[in-house]
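Here's the letter readout for the chains.
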2 protein chains.
Amino acid sequence: MLLQLEAGESFDSLSLRRVARAAGVVPTAFYRHFESMDALGLALVEESFRTLRAMLREAREGLPPGQMIHRSVEILMEHVHQHRAHFIFVVRVGYTGNVVLRHAIRNEIRLFTSELATDLARFPVLREWTTDDLQMLAGLLVNTMIATVGATVDAPVAAPAAEAEIARVAEKQLRLTMLAVPHWRSERSSR
Amino acid sequence: MLLQLEAGESFDSLSLRRVARAAGVVPTAFYRHFESMDALGLALVEESFRTLRAMLREAREGLPPGQMIHRSVEILMEHVHQHRAHFIFVVRVGYTGNVVLRHAIRNEIRLFTSELATDLARFPVLREWTTDDLQMLAGLLVNTMIATVGATVDAPVAAPAAEAEIARVAEKQLRLTMLAVPHWRSERSSR
DNA sequence: TGAGTTAGTGGACAACTGTTCACAAGGTCA
DNA sequence: TGACCTTGTGAACAGTTGTCCACTAACTCA
């Protein structure tokens with residue numbers, strides 16, 4: 001795969017020619033595989049989110065609520081490790097210039113948030129919540145995860161201590177968030 | 001000011017020559033003001049965070065806890081409006097390629113989080129918390145704000161409805177987070 | 001076997017890039 | 001007035017970029 005998002009570079013500072021060079025191929029050969037750099041980017045978005053989606057399904061499969069957070073963070077960190085380049089790509093591009101890629105990623109994250117909201121709805125405490133509030137909560141959790149991934153890919157490559165610290169904080173933040181759930185009075189119950 | 005981070009472009013797809021052109025000046029004249037694009041970027045980071053810092057001081061000045069969140073979100077959204085270009089710049093560059101700029105911004109955000117933690121320590125409920133937990137909470141709140149700013153600068157320019165919606169969600173998320181505070185058992189109290 | 005597809009080559013192009021240089025207009029101030 | 005600094009100019013440089021072109025080696029499969 002063409003993953004030369006080497007040492008902290010951004011996607012749109014990557015030129016077609018450099019990608020081709022890194023792939024050991026002449027610039028023209030690039031066009032045999034992708035119409036443009038945008039097309040390459042979109043392919044990467046798709047591939048990245050396929051693995052991400054798989055990860056989530058795994059993380060939320062029939063776990064007791066108590067372990068769910070700990071296990072989710074564990075799996076998240078593990079996958080960031082295994083698919084580092086993908087995550088770097090997603091985190092960078094998600095906020096970066098290229099409009100079409102940015103929106104593609106935003107859409108994927110929205111979808112991803114919705115799926116989490118759906119899963120959350122199964123918890124007894126959350127069954128009474130409005131859809132709107134569920135989305136809000138899911139958004140909050142996803143934001144925390146995104147920030148965690150961002151911090152992780154920004155940490156030095158082989159720094160287990162730093163990563164452990166990031167994971168520790170992330171887990172606390174998620175647990176704190178969930179702690180609020182029983183005390184939130186969702187709109188529906190006041191109508 | 002040199003703020004032509006026009007319509008969704010990223011900072012490092014901006015060339016020195018284009019910046020000069022947009023400023024109505026010959027490329028060489030750029031060097032009279034900045035040593036390089038990196039230097040320009042660092043100047044922008046500094047300027048952006050100066051306004052951001054001012055905003056925060058204002059937002060947290062002697063407000064009752066009840067109004068603090070609502071007012072903070074209000075001020076945040078207002079300032080994003082007024083300094084749109086700055087915020088676009090910060091949000092984009094904060095995750096984008098250029099290593100030196102990215103770290104400059106990360107550092108500013110860390111500082112900013114610490115300041116929030118200090119202010120939070122004044123609340124009676126939080127007085128018992130460990131420093132570590134305060135940082136964790138501040139980080140969570142800051143993450144939410146960053147995500148809010150990101151969503152705002154990605155929304156269409158003149159879309160008050162979209163912005164109002166974003167603000168509404170942000171406020172809920174912050175309120176939900178604070179709702180957890182009284183129920184968190186900070187490490188210190190168990191030692 | 002031979003026709004057709006796929007993946008790659010190498011050269012060429014105009015456009016744009018960062019940076020250097022010697023030089024000119026305008027303001028400040030002794 | 002004249003020296004000096006600041007801010008600008010215009011030409012030039014070597015390097016890089018995206019894209020087009022005609023061509024070739026290797027693979028598939030009827």
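Located above this text is the structure these notes cover.
The shown structure was predicted, so the numbers you read here are calculated from the model rather than taken from an experiment.

Rules behind the numbers
- Residues numbered from 1 in each chain as written.
- Chains lettered and ligands numbered in written order.
- Predicted model: local features only at pLDDT ≥ 70, side-chain atom pairs only at ≥ 80, totals over all residues.
- Axes fitted to C-alpha atoms, helices over the stretch in contact; angles between N-to-C directions.
- Helix = DSSP H or I, 4+ residues; strand = E, 2+ residues; numbered from the N terminus.
- Parallel < 35°, antiparallel > 145°, perpendicular 65-115°, else oblique.
- Contact = placed C-beta atoms within 7 Å.
- Nonpolar A, V, L, I, M, F, W, Y, C, P; charged D, E, K, R; others polar.
- Buried ≥ 20, exposed ≤ 12 C-beta atoms within 10 Å, placed from the backbone.
- Near = placed C-beta within 6 Å.
- Expected span 1.5 Å × (residues − 1).
- Least-squares fit on C-alpha atoms with pLDDT ≥ 70 in both.
- Left-handed = near helix turned anticlockwise from the far one by under 90°.

Another point: the packing of helix H7 (residues 131-154) of chain B against helix H8 (residues 160-180) of chain B. Residues and elements named next belong to chain B. Running from N to C, H7 and H8 point in directions that differ by 170°, and their axes come no closer than 10 Å. The angle between H7 and H8 places the two elements in the roughly antiparallel class. Between H7, through Leu 140, Leu 141, Thr 144, Thr 148, Ala 151 and Thr 152, and H8, the contact on the second element is made entirely by Glu 163, Ile 166, Ala 170, Gln 173, Leu 174 and Thr 177. When the residues that make up the contact of H7 with H8 are grouped by side-chain class, the tally is 6 nonpolar, 5 polar and 1 charged.

Residues and elements named next belong to chain A. Secondary-structure assignment places Ala 20 in helix H1 (residues 16-22). Taking the C-beta count within 10 Å as the criterion, Ala 20 has 18 such neighbours and is therefore assigned partly exposed. Spatially, the C-alpha atoms of Ala 20 and Ala 158 are 28 Å apart, while their sequence positions differ by 138 residues. With sequence-adjacent residues up to four places away left out, Ala 20 is seen in contact with Val 25, Val 26, Pro 27, Ala 29 and Phe 30.

For DNA strand D, the set of nearby residues contains 13 residues, the closest of which are Ser 15, Leu 16 and Arg 17 of chain A together with Val 26 and Thr 28 of chain B. The set of elements that each furnish at least two residues to the surface near DNA strand D consists of H1 and helix H2 (27-30) of chain A together with helix H2 (27-33) of chain B. Of the residues belonging to the surface near DNA strand D, the class tally is 6 nonpolar, 4 polar and 3 charged.

As a further point, take helix H7 (residues 131-154) of chain A. Taking 1.5 Å per residue as the helical rise, H7 of chain A with its 24 residues ought to reach 34 Å, and the 34 Å between its terminal C-alpha atoms agrees with that figure. The buried count for H7 of chain A comes to 19 of 24 residues, which makes it a mostly enclosed element.

What follows concerns the relation of the copies chain A and chain B. Least-squares fitting of chain A to chain B yields an RMSD of 0.1 Å, with the superposition described by an axial translation of 0.0 Å and a rotation of 180°. One copy is carried onto the other by what is essentially a two-fold rotation axis. Among all residues of chain A, the minimum C-alpha distance to the rotation axis is found for Ala 180 of chain A, at 2.0 Å. When the interface residues of chain A are mapped onto chain B, 100% of them again fall at the interface, so both copies present the same face.

Let's shift gears to the protein's contact with DNA strand C. Taken together, the neighbourhood of DNA strand C is formed by 13 residues, with Val 26 and Thr 28 of chain A together with Ser 15, Leu 16 and Arg 17 of chain B sitting nearest. For the surface near DNA strand C, the secondary-structure elements that each account for two or more residues are H2 of chain A together with helix H1 (16-22) and H2 of chain B. If one sorts the elements of the surface near DNA strand C by residue count, H1 of chain B sits on top with 3 residues. Of the residues in the surface near DNA strand C, the class split is 6 nonpolar, 4 polar and 3 charged.

Chain A puts 31 residues into the contact, and the matching count from chain B is 31 residues. Within the residue set of the side of chain A that touches chain B, elements represented by two or more residues are helix H5 (84-95), helix H6 (99-120), H7 and helix H8 (160-180) of chain A. Take the side of chain A that touches chain B: its biggest share by element is 9 residues, from H7 of chain A. Here the side of chain A that touches chain B is built from residues that sort into 12 nonpolar, 13 polar and 6 charged.

Let us now look at the packing of helix H6 (residues 99-120) of chain B against H7 of chain B. Residue and element names in this part refer to chain B. Put simply, H6 and H7 touch, their axes get as near as 8 Å, and they point 120° apart. The orientation of H6 with respect to H7, classified from their angle, is oblique. In terms of crossing hand, the pair formed by H6 and H7 is right-handed. Between H6 and H7, the residues in contact are Ile 109, Phe 112, Thr 113, Leu 116, Ala 117 and Leu 120 and Leu 134, Gln 135, Leu 137, Ala 138, Gly 139, Leu 141 and Val 142, respectively. Split into classes, the residues belonging to the contact of H6 with H7 amount to 10 nonpolar, 3 polar and no charged.

Take it as geometry only, folks, not as evidence of what the structure does.
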